[in-house]
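Working through the structure, step by step
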Amino acid sequence: MSTTLFRNVRLIDGTGALPVSADILVQGNRIAEVSLQPGQLTGDHRLVEGQGRTLMPGLCDAHTHFSWVNQTGLETIGLMPVEEHVLEAANNAKTYLDHGYTSCVGAAAAKPRLDVVIRNAINSGRIPGPRYLANGPEISTVGGLGDVNPSHVPAYTYVEIINGPMEMRACVRRLIKEGVDLIKLNLSGEEITNCKAEETTMAEDEIAEAVREAKRKGLRICAHARSAGSIKQCIQYGIEIIYHASFIDEEGMDLLEANKEKHFVAPGLAWLHQTCHAASEWGIDADAARNMGYFRELERAIEGCKEMHKRGIRILPGGDYGFAWTPHGTYARDLEYFVDLLGFSPMEAIVSATKLGGEIMGSPGELGLVKKHYLADLLLVDGDPSVDIAVLQDPSRIAAIMKDGVFHKAPTFDSIGASVAA
Ligand SMILES: [Zn+2]
């Protein structure tokens with residue numbers, strides 16, 4: 001079995017503990033040893049001299065769309081032929097891993113089998129990419145988010161449109177048959193679309209049917225939930241992953257706190273922040289964004305997330321990357337937003353992207369920390385992200401990326417390849 005020894009690194013283990021000097025031994029796809037007395041681990045290993053670089057767990061993005069292609073609107077991905085779309089999605093999967101993301105939670109695919117095919121290709125080693133929870137298209141009601149289709153035109157949209165619990169059941173069953181890991185429900189709208197953020201769009205019996213059918217097959221559920229009502233529906237129906245949660249009210253906050261072991265919140269701050277501040281090139285200047293309601297929503301989201309953080313509710317980075325103004329490859333901006341906008345310490349932001357990442361991936365106890373017996377998903381970083389979180393945005397500062405014990409990016413500096421004599 002292949003072994004790699006990272007010697008003399010500054011270890012950020014993902015628990016929030018202060019960085020310490022350490023040696024880490026990887027055996028096969030697991031961490032075999034973490035020694036806090038550098039120089040003590042010996043044996044015949046591939047050696048990586050850390051020279052004080054930071055070793056930390058690989059990052060997790062909690063709201064990923066491999067099939068968003070840096071487009072300005074979602075109609076584009078509805079119309080894109082599937083052949084081109086597969087290639088684009090494969091490229092985006094690689095881009096995540098290239099930037100140190102070793103785990104991603106699919107937050108909807110533009111076509112039913114896109115995520116599934118990419119996940120399977122990653123798992124079989126045919127293409128590079130992170131560990132991935134595949135999603136299907138978002139499920140919306142008639143007139144809900146993404147139902148952009150004029151009624152007289154055959155459907156081309158990027159969402160699944162259902163009407164009533166029986167259509168919901170059929171849709172969920174079909175997606176499960178295709179092999180998705182998650183079901184995504186659009187419980188609220190979105191300012192930029194046909195259906196607004198504070199609308200709560202799905203009927204109770206439709207949600208109940210989706211949850212019953214998904215849980216019967218052991219699948220987890222996530223929801224686009226911006227409105228106050230939709231957030232409460234997530235808690236009421238046990239929808240584990242709550243996306244956005246911008247307009248949470250006091251009642252919702254109390255309910256969420258009381259059920260905080262059951263839920264993850266991924267606010268998707270990049271989308272809100274960049275729509276307000278970086279979309280003018282695409283026709284959304286500050287005035288337009290303000291008129292659409294995005295400044296107000298960003299303010300409310302920041303306020304809500306700060307309160308959630310205070311109450312110990314699990315909030316994770318993952319910012320709806322893949323729009324023109326949130327392009328692929330800029331994923332780690334989300335960690336900086338957690339620090340700058342939400343008042344997280346850099347170390348708290350790292351914990352959200354690593355330890356909580358292992359939890360949302362469904363693998364607590366083996367993913368998201370640098371700890372003995374954990375899966376070896378590791379980054380070697382030039383610099384200290386617990387001091388400057390922005391270093392994670394620069395791929396040239398990520399000296400090595402290991403996923404499942406294998407280097408996706410091997411270190412290129414001089415002191416590798418030697419073995420340590422026993
Ligand atoms: Zn999204």
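Overview of the structure. Along every chain, residues carry numbers that run from 1 in the direction the sequence is written. Reporting of local features is limited, given that this is a predicted model, to residues whose pLDDT is at least 70; pairs of side-chain atoms are given and counted only at 80 or more, and all residues count toward the totals for whole chains, interfaces and linings. With hydrogens and water excluded, all non-hydrogen atoms of the structure serve as input to the side-chain values.

**Concerning the overall build of the chain**
Runs of E in the DSSP output that reach at least two residues are strands. Runs of H or I that reach at least four are helices, and both are numbered from the N terminus. Regarding its fold elements, the chain presents 13 helices and 17 strands. The globule rule used for comparison is 2.2 Å times the number of residues to the exponent 0.38, while the radius of gyration itself is calculated over C-alpha atoms. The C-alpha radius of gyration of the chain comes to 21 Å, within 12% of the 22 Å expected for a compact globule of 422 residues. Its C-alpha atoms put the chain at 75 × 45 × 40 Å along the principal axes. Buried positions account for 61% of the 422 residues belonging to the chain. The contact definition used throughout considers only heavy atoms, calling two residues in contact when any of these lie within 4.5 Å. Here the contacts in the chain between residues at least 6 apart in sequence split such that 69% fall between residues at least 24 apart. Each accessible area is a Shrake-Rupley result for a 1.4 Å probe, and residues are judged covered by the shown protein chains and nothing else. Surface accessibility of the chain: about 15800 Å² in total, with carbon and sulfur atoms responsible for 50%. The distance from the centre of the 40 positive side-chain charges to the centre of the 55 negative ones in the chain is 6 Å. The cut-offs for exposure are 20% and 50% of the maximum accessible area for each residue type, with area from a 1.4 Å probe on protein chains only; residues under the lower value are buried, those over the upper are exposed, and the others partly exposed. Note on charges: Lys and Arg go in the positive column, Asp and Glu in the negative column, and His and the chain ends are not counted at all. A charged residue contributes its charge at one atom only: NZ of Lys, CZ of Arg, CG of Asp or CD of Glu.

**Focus on the sheet that holds strand β7 (residues 101-106)**
Sheet strands line up and pair through hydrogen bonds in the backbone, either parallel or antiparallel. A strand pair is defined by DSSP finding two or more bridges across the two strands. In space, the three strands of this open sheet follow the order β6-β7-β8, with parallel pairing throughout. The open sheet has two edge strands, β6 (59-64) and β8 (131-133), and neither has a second partner. Here the strands of the sheet are splayed against their neighbours by 15 degrees on average, with no regard to which way each runs. The pairing of β7 with β8 spans three bridges and is parallel. Its bridge partner being in β8, S103 is matched across the sheet by R131. Axis angles are defined between N-to-C directions and span 0 to 180 degrees, where every axis is a line fitted to C-alpha atoms and, for a helix, only to the segment in contact. Against the sheet, helix α2 (residues 82-98) makes contact with β6 and β7, and its axis sits at roughly 135 degrees relative to β7, the strand it touches most.

**Observations regarding the layout of surface pockets**
Any residue with an atom within 4 Å of a point lines the site, the site being either a cavity, points on a 1 Å grid over the protein atoms alone where a 1.4 Å probe fits but cannot get out, or a pocket, an open set with protein on both sides within 12 Å along at least 5 of 7 lines. Grid points are joined across faces, edges and corners, and a volume is the space filled by probe spheres set on the points. Looking at the largest pocket, its volume works out to about 290 Å³. Along the walls of the largest pocket sit 22 residues, with L74, Y158, I192, T193 and F323 positioned nearest its centre. Gly is put with the polar residues, along with every residue not named as nonpolar or charged; the nonpolar set is Ala, Val, Leu, Ile, Met, Phe, Trp, Tyr, Cys and Pro, and the charged set is Asp, Glu, Lys and Arg. A class-by-class count of the residues in the lining of the largest pocket yields eight nonpolar, eight polar and six charged. The volume enclosed by the second largest pocket comes to roughly 210 Å³. Around the second largest pocket sit L97, I122, G125, I127, P128, G129, R131, K403, D404, V406, F407 and H408, which together line it. By residue number, the principal contributor to the lining of the second largest pocket is strand β17 (residues 406-409), which donates three residues. Grouping the amino acids of the lining of the second largest pocket by side-chain chemistry returns six nonpolar, three polar and three charged.

**Things to note about the pattern of salt bridges**
Think of a salt bridge as a Lys or Arg side-chain nitrogen and an Asp or Glu carboxyl oxygen that are within 4 Å of each other. Inspection of every chain in the model, using the stated rule, returns 31 salt bridges. The salt bridge involving E297 is made with R226; its shortest N-O contact spans 2.6 Å. Pair noted here: E297 is in helix α10 (residues 294-310) and R226 is in the loop between β12 (220-225) and α6 (228-237), with a separation of 71 residues, a long-range link. Measuring nitrogen to oxygen at the nearest pair gives 2.7 Å for the salt bridge that ties K232 to D249. Pair noted here: K232 is in helix α6 and D249 is in the loop between β13 (241-244) and α7 (250-258), with a separation of 17 residues, a long-range link. The class for K232 is buried, based on a relative accessible area of 18%. Relative accessible area serves as the criterion here: at 27%, D249 is assigned to the partly exposed category.

**Observations concerning the pairing of strand β2 (residues 20-27)**
Here strand β1 (residues 3-11) pairs with β2 via seven bridges, running antiparallel. Of the residues in β2, the one forming a bridge with T4 is V26. Pairing between β2 and strand β3 (residues 30-35): five bridges, direction antiparallel. Within β3, the position partnered with L25 by the bridge is E33. A loop of two residues connects β2 with β3, the two strands running antiparallel in sequence, and G28 in this loop sits at a positive phi of about 60 degrees.

**Some details on the coordination of the zinc ion**
Because no water is among the atoms considered, metal sites can look incomplete, with donors defined as N, O and S atoms within 2.8 Å of the metal, or 3.2 Å for Na, K and Ca. On the protein side, the zinc ion has H63 (NE2), H65 (NE2) and D320 (OD) as donor atoms, found 2.0 to 2.1 Å from it. For the zinc ion, the donor residues sit on a single chain with the sequence spacing H-x1-H-x254-D. A relative accessible area of 1% places H63 in the buried class.

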